[in-house]
Amino acid sequence: MLPYILGFDKALDYVLPEALARSPAGRALELGSVVQVPVRGRPVHGWVVEIDPEPEPDIVLQPVTKLMGIGPSAEVLDIADWACWRWRGRRARFYNLASPPRQVPREGPREGPRQVQDLARSQSHTSSFASELFRLAPSSRIWPVVASVLKEGSALILFPEEVRASKLARYARRQGFQCVLWPEQWERAAQGGCSVVGTRSAVFATMPEVSSILIVDEHSEAYHETWQSVTWHAREVARERARRLDVPLRMTSPVPTLEALKDTEVVTQPRKSEREGWAELVIADLRERDHPGLFSHQLTEQLQGASRAVCIVKRTGVSEARQQLARLLREPVGMITARETEAETARVLIGTTVALRRVDRCDLVAFLEFDMLLASPHYRAEEVALALLAEASRLVGAKSGSGRLLVQTRQPDHPVLRSVAEANPEIFSKHDSQLRQDLLLPPFAAVAKITGEEAEEFVKVLRSELRNADAADIDVMGPDQEGTWVLRSGNHETLCNFLLTISEIPESVRISIDPPSL
DNA sequence: CGGACAAGCTGA
DNA sequence: CAGCTTGTCCGG
């Protein structure tokens, strides 16, 4: 069993006492079951990762003290192991993500393990796995896609936000579908016979059968976990899980990422519908302006005509811009920042990009400093800027309504803006694809960012290891001004397999695979 | 991770 | 040299 001790990634062997060995529901213990065991006399939870292991000699086995409940299925343990390989993570982290937040009691009807395990452990079959991306304008309903997926059987459906996930689960149930929310209804999901809806970590939901996986708004940054040492992406986990299960992976997005477009069939709406589903874009070309400042005449004009407007500015300068705007409009301006919300009922609101998620309805979103977004020092800056416009477009509604997007810029012909103006995200993805191919950035390369106190020392070790392993086709770059090194390879197999051979990683060194910024 | 124990530092 | 900090090791 693998103890839930971060920084300890080794399975330990225990004996199961007779008293715990039997259970009315069948086998008491299966792969993934959560047990309590003593580690150095301390009670610790952990996951069963092997049953009847070959006991190592000269070790006195301690008994398991408690059965805590069911855990991730063998299939999920396997995909979690894959995630550990792919992002160089620790098993306990991913197993914990895949487990119920609060242990499910052992009692209750539970059928014996189904064919899940056989399915999971047989990985190498010729696959008819297909992935499909539905490019849907921001205001288009996704329900038709969701419904078609629900009709096929027990689907696994991911949303970027909890609110949307639970709303959809409720709606689906009203429409007569068996549909549960993960992780709240963890046990029902594990029993099978229903579709499962959740956010990022629901990609590790235990389900006896999965008919297909659907990722709604695949471009959302919410699918990319970058918290502390854990870096992983739910879309990539879903892709691998679908491939292993040999079921279709489906995605929706108004602004598909290059990652999603890779090896995927794109299904588009009729041009007319897609055009209709984007909001009207008004561009204020700042180069044409005679006086400097944050407020173009198009902006004042649009703000005066709006019944409710949100202005987006950069983090520094929200309150100053707010004062200026209030003076200009001669009315109070509400403020929304990451920390606080003030005067939310005002007709005009100002805030950073997070404000888009705090407002439920408006008919104008104005980006006052759009070029700042485009120029963020990250290789995904433009992609993120386009995603924000899609998000804003969804907020203000389709062309048929009165909703508008206003962008102040000195680059009115930027591919991001042309994509929105023409309701054609392909304009941007072609541009971005070319750029990333030229610069060898993801998804056209696999990269590992190495940071931390002892990074320099560690990279020296990596370099010498690379010289020894003559086959590895990996570049080492760095350091940059921030003391960051980057490993780059043409594919993840090469990169991750190489990293797997490095057993000793200093405590302070952090390796993030395909981070959002380099 | 967190405890156990060893080795190093300090102050009387 | 006790008493405290910091480091290293290890778990079945």
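Everything in this summary refers to the structure shown in the same document. Quick caveat: nothing in here was measured; it's all calculated off a predicted structure.

## Some details on the side chain of serine 154
Okay, so step 1: Along the polypeptide, serine 154 turns up in the loop between helix H5 (143–152) and strand S10 (155–158).
Okay, so step 2: Within the structure, serine 154 has its side chain in polar contact with the backbone oxygen of cysteine 194 (distance 3.4 Å).
Okay, so step 3: Non-local contacts of serine 154, meaning those with residues more than four positions away in its chain, are made with Gly193, Cys194, Ser195, Met207, Glu209, Val210, Ser211 and Ser212.

## Regarding the protein's contact with DNA strand B
Okay, so step 1: Surveying the vicinity of DNA strand B reveals the residues Ile5, Leu6, Gly7, Arg40, Arg42 and Glu507.
Okay, so step 2: In the interface set of DNA strand B, defined as its atoms within 4 Å of the protein, sugar plus phosphate atoms amount to 53%.
Okay, so step 3: Separating a sugar or linking oxygen of DNA strand B from a backbone N or O atom of leucine 6 is a distance of 2.9 Å.
Okay, so step 4: One of the backbone N or O atoms of glycine 7 is found 3.1 Å from a base nitrogen in DNA strand B.
Okay, so step 5: Its residues assigned to classes, the surface near DNA strand B comprises two nonpolar, one polar and three charged.

## Quick word on the sheet that holds strand S28 (residues 510–513)
The pairing of strands in a sheet comes from backbone hydrogen bonds and takes either a parallel or an antiparallel form.
Okay, so step 1: One open sheet holds the four strands; their spatial order is S26-S27-S25-S28, and the pairing between them is antiparallel. The open sheet terminates on both sides in strands that have one partner only, identified here as strand S26 (474–477) and S28. Along the sheet, successive strands turn relative to each other by an average axial angle of 20°, direction set aside.
Okay, so step 2: Bridge count between strand S25 (residues 446–451) and S28: four bridges; the pairing is antiparallel. The residue bridging threonine 451 from the neighbouring strand is arginine 510, located in S28.

## Considerations on the protein's contact with DNA strand C
Okay, so step 1: Around DNA strand C, the neighbouring residues are Phe8, Leu12, Asp13, Tyr14, Val39, Arg40, Arg42, Glu56, Ile59, Val60, Leu61 and Gln62.
Okay, so step 2: Looking at DNA strand C alone, sugar and phosphate atoms form 42% of those within 4 Å of the protein.
Okay, so step 3: Aspartate 13 places a polar main-chain atom, nitrogen or oxygen, 2.6 Å from a sugar or linking oxygen of DNA strand C.
Okay, so step 4: In this structure, arginine 40 approaches DNA strand C through a side-chain N or O atom, which is 3.1 Å from a sugar or linking oxygen.

## Concerning a negative patch on the surface
Okay, so step 1: A surface patch of negative charge is lined by Glu453, Glu454, Glu456, Glu457 and Glu507.
Okay, so step 2: Among the secondary structure elements, glutamate 453 is positioned in the loop between S25 and helix H18 (455–468).

## As for the layout of surface pockets
Okay, so step 1: Of the pockets and cavities examined, the second largest pocket occupies roughly 890 Å³.
Okay, so step 2: Residue lining of the second largest pocket: 28 residues in total, with Asp9, Arg88, Gly89, Arg90 and Ile505 positioned closest to the centre.
Okay, so step 3: If you list the elements that add at least two residues to the lining of the second largest pocket, you get helix H2 (74–87), helix H3 (91–97), helix H19 (492–500) and S28.
Okay, so step 4: In terms of residues, the lining of the second largest pocket owes the most to one element, H2, which gives four residues.
Okay, so step 5: Partitioning the lining of the second largest pocket into residue classes produces 14 nonpolar, five polar and nine charged.

## Let's talk about the sheet that holds strand S11 (residues 179–181)
Okay, so step 1: The seven strands are arranged S11-S12-S10-S13-S16-S9-S17 in an open sheet whose pairing can be described as parallel. Looking at strand neighbours, the two that pair on one side only are S11 and strand S17 (265–268), the edges of this open sheet. Within this sheet the neighbouring strands show an average axis-to-axis angle of 20°, counted without direction.
Okay, so step 2: Sheet topology note: the strand S9 (residues 131–135)/strand S16 (residues 249–253) ladder contains five bridges and is parallel. Its bridge partner being in S16, arginine 135 is matched across the sheet by serine 253.
Okay, so step 3: Here H5 sits on the sheet in contact with S9, S10, S11, strand S12 (195–198), strand S13 (212–215) and S16, set at roughly 160° to S13.

## Details of the nonpolar core
Okay, so step 1: Phe204, Trp232, Ile450 and Leu487 are the most contacted members of the largest nonpolar core, which has 81 residues in total.
Okay, so step 2: If you look at the next biggest cluster of nonpolar residues, it comprises 33 residues, including Trp278, Val310, Ala355 and Phe428.

What counts and how
- Residues numbered from 1 in each chain as written.
- Chains lettered and ligands numbered in written order.
- Predicted model: local features only at pLDDT ≥ 70, side-chain atom pairs only at ≥ 80, totals over all residues.
- Heavy atoms only, no water.
- Helix = DSSP H or I, 4+ residues; strand = E, 2+ residues; numbered from the N terminus.
- Polar contact = N/O pair within 3.5 Å; in protein donor to acceptor, adjacent residues only side chain to side chain.
- Contact = heavy atoms within 4.5 Å.
- Near = heavy atom within 4 Å.
- Nonpolar A, V, L, I, M, F, W, Y, C, P; charged D, E, K, R; others polar.
- Pairing = 2+ DSSP bridges.
- Axes fitted to C-alpha atoms, helices over the stretch in contact; angles between N-to-C directions.
- Patch = residues over 30% accessible without salt bridge, like charges linked within 9 Å, V, L, I, M, F, W, Y side chains within 5 Å.
- Areas by Shrake-Rupley, 256 points an atom, 1.4 Å probe, with all protein chains shown as cover.
- Salt bridge = Lys/Arg side-chain N within 4 Å of Asp/Glu carboxyl O.
- Lys, Arg positive; Asp, Glu negative; His and termini not counted.
- Charge placed at Lys NZ, Arg CZ, Asp CG, Glu CD.
- 1 Å grid on protein atoms, 1.4 Å probe; cavity = no way out; pocket = protein on both sides within 12 Å on 5 of 7 lines; lining within 4 Å.
- Points joined across faces, edges and corners; volume = space filled by probe spheres on them.
- Core = buried A, V, L, I, M, F, W, Y, C linked by side-chain atoms within 4.5 Å.
- Buried < 20%, exposed > 50% of the residue type's maximum accessible area, 1.4 Å probe, protein only.

Remember, this is a structural readout, not a statement about activity or role.
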